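# Inside the fold
These are the residues of each chain, in order.
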Amino acid sequence: MSRLSIMNETKAQATVESLHTDLERRVKGAPPGLCPLDVASSYLKVCSAQTCGKCVPCRVGLPQLERLIDDLIDGKGSMKTVSQIEKTAQTISDSADCAIGYEAANMVLKGVKGFRDDYESHAKNHKCNSDGFHAVPCVTLCPAHVDIPGYIALVNAGRYADAVRLIRKDNPFPSVCAMVCEHPCENKCRRRMVDDAINIRGLKLYAIDHSGHVPVYREGEKPAPATGKKVAIIGGGPSGISAAYYLGMMGHSVEIFEQRKRLGGMLRYGIPSYRLPREVLHEEIETLLTAGDIKVHKEVSIGGPDYPLSKLRSEFDAIYIAIGAHTDKTLKIPGEDAEGVMSAVKLLRMIGDDEYPDFRGKKVVVVGGGNVAMDCARSSLRLNADKVTLAYRRRKDDMTALAEEVEATEVEGCEILELAAPLKVEVGSDGKAKALWVKQQMISNIKGGRPAPKDASAEPIRLEADIIVVAIGQGIDSHNFEESGIAVKWGCIEAFDSEQVKGVNMDGVFSGGDCVSGPATVIRAIAAGKVAAANIDEYLGFHHPIEIPVEIPDPVPHNRPACGRVKMRERPIDERVHDFKLVEKGMTQEEMEQESNRCLRCDYYGFGKFREGREFKW
Amino acid sequence: MVNATINGKAVQVPENTTILEAAKLNNITIPHLCYLKKVNEIGACRVCVVEIEGQDRLVSSCNTILQEGMKVITNSPKARQARRVNVELILSQHNARCAECVRSGNCELQTVANDLGINEFPYHEDLPAFDWNMDFPLIRNAQKCIKCMRCVQVCDNIQKMNVWDISRTGSRTTVDVRDGQDITKVNCTICGQCITHCPVGALTVRDDTQKVRDAFASGDKIMIASVAPAVRTSWGEKLGLTHEEATQNRLASALRAVGFNYVFDTDFSADLTIMEEANEFLHRFKAGELKQYPMFTSCCPGWVRFIKMEFPDLVPQLSSAKSPQQMFGAIIKTWYAQILGVEPEKIYHVSIMPCTAKKYECDVECMNASGARDIDVVLTVRELDRLIKSEGIDAKSLEESEFDAPLGTASGAGHIFGTTGGVMEAALRTAYKVVTGSNPDANAFKYVRDYDGIKETEFEIAGIKLRIAVAHGLGNIRKLCEDIQAGRVHYDFVECMACPTGCAGGGGQPIEEGKELGEGRGRILLDLDKKMNLRFSHENPSIIQCYKEYLGEPLGEKSHHLLHTDQSKWELWK
């Protein structure tokens, strides 16, 4: 007998570990629309298997909780059952000896509070609130409900122009989204159960790179007959143009009122061209404007005394307000008004108007942790700054920016300083910024699901800076609209799910995109435009359906072995940091083929073949 | 054409043929359960799985298209095992007390399990509660449902009523009435198409044969049977008779062998319906009542339930004429009771129907006009067959015999009531006579005989142009009603039958897996009519006698009381 032995993993242990990984992937890829109680019950089963068996609350309590929840699911429970669940879970949470018990109970308690309606429905009506419809995950999670399996099938079949046409049925901006969409569609991709999500955005990029110019209408197609109705759209960003596109197809006369020199909104004035080349954006917008009778007025501001909303309302049959979120938020620290301190909005807007400031020889500090902060940092590098530092209050892991954006920012040479809260701007006698002082933070308790920072006792740090870019979020210029009688809450225009605005005498006035949701994603703004177009059409007394324009091939059976996800390539770092040209490179043909073949075709297999796996019109 | 091999055999099939259909074309059977061609190709049961050479996983042959060069093996060890285990799993959730099931011997699950030689249940039995209102004509036994989804698809896509839906979640997912509602309270027309497309005994019609046996046993009833048009086309299918053997006269003998004192033909009362309905149509047409909306036929209770629930504004457009079944009930218990010299209560009238909704119709309270229950019991063809079998009757060996007089005499016009377009054609024949005073060519209106879902045409009678339409299947009917209501189309007279192909494809007809027999049965009726000398309802001598001796004239006082109804007063359920 040896006195000690080194731990070696047995085959069984290794297999269990790999099962944990499988389950983790599976849980992350859980399809939307499950019965929350069923989820709670099945997780309890996992928790019960983890109990060591010593303590009563955990050993006995967890399986009992599972049974009580199952009673509810089986229609055998009542509100008494719900109280029993709460009492039992609370007791386990309060009295279990270790986290295996109390954290399991906390999950149950979270559910009893978080989806109480579902508990009550099962208890009182013996019914699940879930409608039992298992929609295709990627399509459901895309705010515009783009037919993703459909266009992947078309890309796979080499029908790139048809893929573009199919995307446009729900999202007029396939090119833009191929480059900058945050792809929520990939979050619950069923392929995660096998290996990893399909690179959906990458396949879309392949489609637009190979489709050539795809006009809105094929030969013989044209917009619906003119309705004689006039719709005004305030704001020529993705949401406004999307609404204009569909309303134009429906035969309405559309006029877009854009405050700036060019159309595009945040696509032009927020997203730098190394992510979305100007010519791509320009071409896409020009194409969309051919969808019907669409006029554009630039450098016109609506809502102020010069052109009040009421005047516009009297001239048009309906209005869509999609002004976005273009005002900047300030740090409210001493020295913020010094020369050299600028907002992200201002920097990106200058670039949008092709006015590139020269940061040569300058040290730049960017404040913030979102995608806009990354855009500012990467743009500063391209404006030849000597050094770019990004200061953020929390940790890198806590940033709201996409992980790949953070990674790109870092590899391009930006230093990221975590746990650094701005304290003051040090201003030189010349009135110019000299440095940003930051208070060191430490990460602390989780609040609202995110770890919050708190002041550390360490000394403040001085970050030398000639330019300080504040990228801590944008606001909405909703003041004038509020005065016109539109309901506004926390600066956001208030609208119903139909995008009809709330407020007095606001019949026929719709609003959507960032100005309603607060700063969000391109695809959400596009979806808002689509929803508004449908509801404006109905409001005007019409029902013009937008129909699927192409036939989608059924899948042919083929093997789908577990396979890695194809990642997008990028231009070499030392080359790309010197220009504003596109960083990303598309897939090769063989990569496209492999990646599109990975698609599990949820529109066809599983629930898809039972209830239509696609929406043929809206 | 596509070239491939199945089990090593080279096959050539048209493009877009599924593996299952390609195998069938080449006499290779692939067992299947949930599959229903063109209706349910969802690959849910995974019984039809086959192996494709080079593929790791099995595919469902019902919804995989055979590709050029594909090598399919239907019985590889992997496919065999999967098929067997999947059937065993289905059986674990199926009440397999086959001996007491009406579908025993005609059950896909039973056949597949037997064919695969399954003789033990390796899994825990897991049966849900069977909780159903057994008074309702349509019964769903949750313990037998195999969740194949055929009922959902038939109701959604053919009948477009969406009565059935998936219910509950996760592994508890099952089929139930939409939104957990009560079947008696939803818009179920009781057409019974879900029953005739159910592969097992989960969906059945309420069995009323015991009521009939009890009536026989009481010994104090005059037992009368009447036979609907489409019954004669199908009654022998499950009794081992060919269509040539299963004549209406042999059916009359079988019913006598069961013990009925009188056997009558509902086709007589179909003629009676025509007399009333054709005259009513001409009356309403001339009175200008059909300028906006047409007059609709009213003989199909599934259709009447449909219009009441889905297009209530159009209910006044229904012909007020009762259906042949209900007219017969009223006549047997009045005029015929008088002939027999008995009180109506003494008569026990069994109406044999290809229909499930007729069980509802005979229970409509305001329908009874004789002072007693006009119809005592409605039996479907499937119940009739069970009754004949339970009596130990060998139908094939029976001599043929005629229906009883006078209510056993019918015209060819009455016969064709049992197929789509038949009511319209029969009515037009008599309407022509009423308007012009002479008979048309009996085939003059045969245009409406095709089996398209919606047919429309125009006829001219004595210079009057009539626009007519015929629809069968509730999905088609819904479209037609929408078009009529929206003013997109205009007709004077419209015939609707809830079941695809009409009563020939009725929900009470024998069930033949994977086959739609309605059209073939309908053509038998058209043939019967063609071979008749008597092809006009108004020339039926029994009809003439009935009006002369009892009713007076069509639309007269007595007719109004006995033969007409106000459908707006029909309760949908008691």
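Basis of the calculations
Residues numbered from 1 in each chain as written. Chains lettered and ligands numbered in written order. Predicted model: local features only at pLDDT ≥ 70, side-chain atom pairs only at ≥ 80, totals over all residues. Helix = DSSP H or I, 4+ residues; strand = E, 2+ residues; numbered from the N terminus. Rg over C-alpha atoms; globule rule 2.2 N^0.38 Å. Buried ≥ 20, exposed ≤ 12 C-beta atoms within 10 Å, placed from the backbone. Contact = placed C-beta atoms within 7 Å. Bend = angle between axes of the 7 residues up to and from the residue. Axes fitted to C-alpha atoms, helices over the stretch in contact; angles between N-to-C directions. Parallel < 35°, antiparallel > 145°, perpendicular 65-115°, else oblique. Left-handed = near helix turned anticlockwise from the far one by under 90°. Nonpolar A, V, L, I, M, F, W, Y, C, P; charged D, E, K, R; others polar. Pairing = 2+ DSSP bridges. Domains from an automatic or database assignment. Expected span 1.5 Å × (residues − 1). Arc of directions from axis to C-beta. pLDDT = per-residue confidence, 0-100. Core = buried A, V, L, I, M, F, W, Y, C linked by C-beta atoms within 7 Å.

## Notes on the overall build of chain A
In terms of regular secondary structure, chain A is built from 24 helices and 20 strands. Computed over the C-alpha atoms, the radius of gyration of chain A is 27 Å, within 12% of the 25 Å expected from 2.2 N^0.38 for a compact globule of 618 residues. With 618 residues in all, chain A has 46% of them scored as buried. In chain A, the share of contacts with a sequence separation of at least 24, taken over all contacts with a separation of at least 6, comes to 71%.

## Remarks on the overall build of chain B
A tally of regular secondary structure across chain B gives 18 helices and 17 strands. Judged by the C-alpha coordinates and their principal axes, chain B covers about 75 × 55 × 45 Å.

## What about helix α10 (residues 324–340) of chain B?
Residue and element names in this part refer to chain B. Where α10 bends most, at Ile 332, the angle is about 35°. The buried fraction of α10 amounts to 14 of the 17 residues, a majority that puts the element mostly inside the structure. Following α10 by one or two positions, Gly 341 adopts a phi angle in the positive range, close to 70°.

## Let's talk about the packing of helix α18 (residues 371–382) of chain A against helix α19 (residues 403–411) of chain A
All names here are of chain A. Two numbers describe how α18 lies on α19: the axes approach to 10 Å, and their chain directions differ by 20°. The angle between α18 and α19 places the two elements in the roughly parallel class. The two elements α18 and α19 cross, and the hand of that crossing is left-handed. Of the residues in α19, those in contact with Asn 371, Met 374, Ala 377 and Arg 378 of α18 are Glu 405, Val 406, Ala 408 and Thr 409. Across the contact of α18 with α19, the residue classes break down as four nonpolar, two polar and two charged.

## Let's talk about the sheet that holds strand β2 (residues 253–257) of chain A
Hydrogen bonds between backbone groups are what pair the strands of a sheet, and the pairing can be parallel or antiparallel. Residue and element names in this part refer to chain A. Pairing is parallel in the open sheet, where five strands are placed in the order β3-β2-β1-β4-β18. Looking along the sheet, the strands with just one partner apiece sit at the ends: β3 (294–297) and β18 (509–511). Averaged over all adjacent pairs, the angle separating strand axes in this sheet is 20°, with direction ignored. One ladder, built from four bridges, connects β2 with β3; its direction is parallel. Considered in β3, the bridge of Ile 256 is made with Val 296.

## Regarding the domain arrangement of chain B
In terms of domains, chain B is made up of domain 1 (2–115), domain 2 (138–204), domain 3 (209–268 + 326–397) and domain 4 (276–321 + 409–569). Domain 1 of chain B and domain 4 of chain B are separated by 42 Å when their C-alpha centres are compared.

## A closer look at the environment of Glu407(A)
All names here are of chain A. Looking at where Glu 407 falls in the secondary structure, it is placed in helix α19. For Glu 407, a count of 13 C-beta atoms within 10 Å translates into the label partly exposed. Considered as a pair, Glu 407 and Arg 25 are 382 residues apart in the sequence and their alpha carbons are 23 Å apart.

## A closer look at the domain arrangement of chain A
Splitting chain A by domain gives domain 1 (34–125), domain 2 (141–217 + 551–609), domain 3 (230–326 + 476–539) and domain 4 (328–474). For domain 1 of chain A and domain 4 of chain A, the distance between their C-alpha centroids amounts to 45 Å.

## Considerations on helix α2 (residues 77–92) of chain B
Residues and elements named next belong to chain B. For α2, with 16 residues, the first-to-last C-alpha span of 22 Å sits near the 22 Å given by 1.5 Å per residue. Buried within α2 we find Ala 79, Arg 83, Val 87, Ile 90 and Leu 91. One face of α2 carries all of its buried residues, which in axial projection span an arc of 105°. In α2, the exposed residues that point more than 90 degrees away from the buried face are Pro 77 and Gln 81. Structurally, α2 contributes buried residues whose contacts are with β3 (49–52), β5 (71–73) and α3 (108–115).

## Section: the pairing of β3(B)
All names here are of chain B. Where burial is concerned, the two faces of β3 agree: the one with Val 49 and Glu 51 and the one with Val 50 and Ile 52 are both buried. One ladder, built from two bridges, connects β3 with strand β4 (residues 59–60); its direction is antiparallel. Residue pairing in the sheet places Val 49 in a bridge with Ser 60 of β4. A loop of six residues connects β3 with β4, the two strands running antiparallel in sequence, and Gly 54 in this loop sits at a positive phi of about 95°.

## Describing the sheet that holds strand β16 (residues 464–472) of chain B
Residue and element names in this part refer to chain B. The sheet built from four strands is open, its strands ordered β12-β17-β16-β15 with mixed pairing. Of all the strands in the sheet, just β12 (295–296) and β15 (454–461) have a single pairing partner and so form its edges. Pairing geometry for β12 and strand β17 (residues 493–497), over two bridges, is parallel. If you follow Phe 296 over to β17, its bridge partner there is Val 494.

## With respect to the confidence of the model for chain B
When pLDDT is averaged across chain B, the result is 95; 100% of the residues are at 70 or more. Taken together, the chains of this predicted complex give a pTM of 0.89 and an interface ipTM of 0.84.

## Focus: the nonpolar core
Core analysis: the biggest nonpolar cluster contains 173 residues, and Val50(B), Cys151(B), Ile224(B), Trp303(B), Ile352(B), Ala427(B) and Ala498(B) have the highest contact counts within it. Apart from the residues lying within four places of it in its own chain, the contact partners of Ile352(B) are Ala225(B), Ser226(B), Val227(B), Ala228(B), Val231(B), Leu379(B) and Leu384(B). One finds Ile198(A), Ile319(A), Leu348(A) and Phe359(A) within the second-largest nonpolar core, a separate group that totals 145 residues.

## With respect to unusual backbone geometry
Residue and element names in this part refer to chain B. With omega at -5°, the peptide bond leading from Ala 405 into Pro 406 counts as cis. Among the structural elements, Pro 406 can be located in the loop between α12 (381–390) and α13 (412–415). One non-glycine residue, Lys 38, adopts positive backbone phi at about 65°. Mapped onto the fold, Lys 38 is located in the loop between α1 (19–25) and β3. Positive phi, normally seen in glycine, also occurs at Ile 190, with a value near 60°. Within the secondary structure, Ile 190 sits in the loop between β8 (174–177) and α5 (193–196).

## Brief notes about the packing of helix α9 (residues 148–156) of chain A against helix α10 (residues 160–168) of chain A
Residue and element names in this part refer to chain A. Running from amino to carboxyl end, α9 crosses α10 at an angle of 170°, the nearest separation of the two axes being 8 Å. Considering the angle they form, α9 stands roughly antiparallel to α10. Contacts between α9 and α10 pair Gly 150, Tyr 151, Leu 154 and Val 155 from the former with Tyr 160, Asp 162, Ala 163, Leu 166 and Ile 167 from the latter. Taken together, the residues that form the contact of α9 with α10 break down as seven nonpolar, one polar and one charged.

## Some words on the environment of Leu89(B)
All names here are of chain B. Tracing the sequence through the fold places Leu 89 in helix α2. You can call Leu 89 partly exposed: it has 15 C-beta atoms within 10 Å. Taking C-alpha positions, Leu 89 is 36 Å from Ala 504, a pair spaced 415 residues apart along the chain.

## Quick look at the pairing of strand β13 (residues 347–353) of chain B
All names here are of chain B. In terms of burial, β13 is largely enclosed, as seven of its seven residues are buried. Side chains Ile 347, His 349, Ser 351 and Met 353 of β13 all project onto a buried face; the interleaved residues Tyr 348, Val 350 and Ile 352 project onto the opposite face, where all are buried too. Looking at chain direction, strand β10 (residues 222–227) and β13 are connected through six bridges and run parallel. In the sheet register, Ala 225 faces β13, and the bridge partner there is Val 350. Two elements, β13 and strand β14 (residues 377–380), share four bridges in a ladder whose sense is parallel. Among the inter-strand pairings, Ile 352 is bridged to a residue of β14, identified as Leu 379.

## Considering the environment of Ser390(B)
Counting through the fold element by element, Ser390(B) comes out in helix α12. Taking the C-beta count within 10 Å as the criterion, Ser390(B) has 11 such neighbours and is therefore assigned exposed.

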